[in-house]
Amino acid sequence: MARYGMLIDTKKCVECFGCRVACQMQNGLPPEEAFIHFYEKETGTFPNVNIQILPVQCQHCENPPCMKNCPTGATYKNKDGIVLVDENKCIGCKYCVVSCPYQARVPNHKTGVVEKCRFCVEEVEKGKAPICVATCVGNARIFGDLDDPNSEISREIIKRKAIPLRADLGTKPKIYYVR
């Protein structure tokens, strides 16, 4: 049993948005719907201004507020800690949308189910990486077992001093960022 997580090195991200497009294709999402969102952050003062793009998706939290607030148990974690949605149990109440501090939940207007990144669980079960990692041309994304101290992700989190988003919220996100 693993505890999967991801590292996103925004310094290596070439901002091609290939991860988002690949995710949309993998999950059959229409162009206006995406599980990966990009936020811009401007730093500095003129003329020394820098714009940083921050890709954000479900953080697969250890303490996911979306799971705690789901009235039907549709949101759950599998044995590897991946946060998933049981489409048959989701009633589309959107409590998870309101609960998620990362705004990672996406209501599907056709089915009524509230969806999100699934870390491409079907691919992971085959021993492959999520599609956003596999298609990243800048090698900005690393996926792996956070509990294995010898895994690439564990070593790189320490080496690059990666930190999760909003650790102060206590959700214990499993996506780490280098910024």
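Structure report, in brief. Note that the structure is a prediction, hence the values are computed from the model and not measured.

Considering the packing of aromatic side chains
Here is step 1: Enumeration according to the criterion identifies three aromatic pairs in this entry.
Here is step 2: Geometrically, the ring pair formed by Phe17 and Phe38 is edge-to-face, given 4.4 Å between the ring centres and 85 degrees between the ring planes. Remark: Phe38 occurs in strand S2 (residues 37-45) and Phe17 occurs in the loop between strand S1 (4-9) and helix H1 (18-27); sequence separation between them is 21 residues.
Here is step 3: The partly exposed category is assigned to Phe17, whose relative accessible area is 34%.
Here is step 4: On the numbers, 5.1 Å between centres and 80 degrees between planes, the contact of Phe119 with Phe143 is edge-to-face. A residue pair is termed long-range when its members are at least 10 positions apart, and Phe119 in the loop between strand S7 (114-115) and helix H4 (121-125) and Phe143 in strand S8 (residues 141-145) qualify at 24 residues.
Here is step 5: Residue Phe143 is classed as buried on the basis of its relative accessible area of 16%.

Here we look at the pairing of S2
Here is step 1: Where S2 lies against strand S3 (residues 48-56), nine bridges are found, and the strand directions are antiparallel. Residue pairing for S3: Thr45 is matched across the bridge by Asn48.
Here is step 2: Here S2 folds back onto S3 in antiparallel fashion, the turn holding two residues.

What about the nonpolar core?
Here is step 1: Counting 31 residues, the largest nonpolar core has Met6, Phe119, Phe143 and Tyr177 as the members making the most contacts within it.
Here is step 2: If you list the elements that add at least two residues to this core, you get S1, H1, S3, H4, helix H5 (131-134) and strand S10 (175-178).
Here is step 3: The residues contacting Phe143, other than those within four sequence positions of it, are Tyr4, Gly5, Met6, Phe119, Val124, Pro130, Val133 and Ile153.
Here is step 4: Counting nine residues, the second-largest nonpolar core is a separate cluster that includes Cys66, Cys70, Val113 and Val114.

A short note on the layout of surface pockets
Take a probe with the size of a water molecule and roll it over the atoms, and the empty space left behind shows itself.
Here is step 1: Taken as a whole, the largest pocket spans an internal volume of roughly 390 Å³.
Here is step 2: For the lining of the largest pocket, the secondary structure elements donating two or more residues are strand S5 (83-85), S7 and H4.
Here is step 3: Taken together, the residues of the lining of the largest pocket sort by class into nine nonpolar, four polar and eight charged.

Brief notes about the pattern of salt bridges
Here is step 1: What the rule picks out here adds up to eight salt bridges.
Here is step 2: One salt bridge connects Asp80 with Lys79, and the closest N-O pair in it is separated by 3.2 Å.
Here is step 3: By relative accessible area, which is 60% here, Lys79 ends up exposed.
Here is step 4: The partner of Glu123 in a salt bridge is Lys126, and the shortest N-O contact between them spans 3.9 Å.
Here is step 5: Residues joined in a network through salt bridges with shared partners are Arg3, Glu62 and Asp147.

Comments concerning a nonpolar patch on the surface
Here is step 1: A contiguous nonpolar patch, built from Phe46, Val49 and Ile51 and spanning about 340 Å² of accessible area, is present on the exposed surface.
Here is step 2: Here Ile51 shows up in strand S3.
Here is step 3: Among the residues examined, Ile51 registers a relative accessible area of 45% and is labelled partly exposed.

Criteria and thresholds
- Residues numbered from 1 in each chain as written.
- Predicted model: local features only at pLDDT ≥ 70, side-chain atom pairs only at ≥ 80, totals over all residues.
- Heavy atoms only, no water.
- Phe/Tyr/Trp six-rings, centres within 6.5 Å; stacked < 30°, edge-to-face > 60°.
- Helix = DSSP H or I, 4+ residues; strand = E, 2+ residues; numbered from the N terminus.
- Buried < 20%, exposed > 50% of the residue type's maximum accessible area, 1.4 Å probe, protein only.
- Pairing = 2+ DSSP bridges.
- Core = buried A, V, L, I, M, F, W, Y, C linked by side-chain atoms within 4.5 Å.
- Contact = heavy atoms within 4.5 Å.
- 1 Å grid on protein atoms, 1.4 Å probe; cavity = no way out; pocket = protein on both sides within 12 Å on 5 of 7 lines; lining within 4 Å.
- Points joined across faces, edges and corners; volume = space filled by probe spheres on them.
- Nonpolar A, V, L, I, M, F, W, Y, C, P; charged D, E, K, R; others polar.
- Salt bridge = Lys/Arg side-chain N within 4 Å of Asp/Glu carboxyl O.
- Patch = residues over 30% accessible without salt bridge, like charges linked within 9 Å, V, L, I, M, F, W, Y side chains within 5 Å.
- Areas by Shrake-Rupley, 256 points an atom, 1.4 Å probe, with all protein chains shown as cover.

So, to be careful, I would describe these as geometric facts and stop short of saying anything about function.
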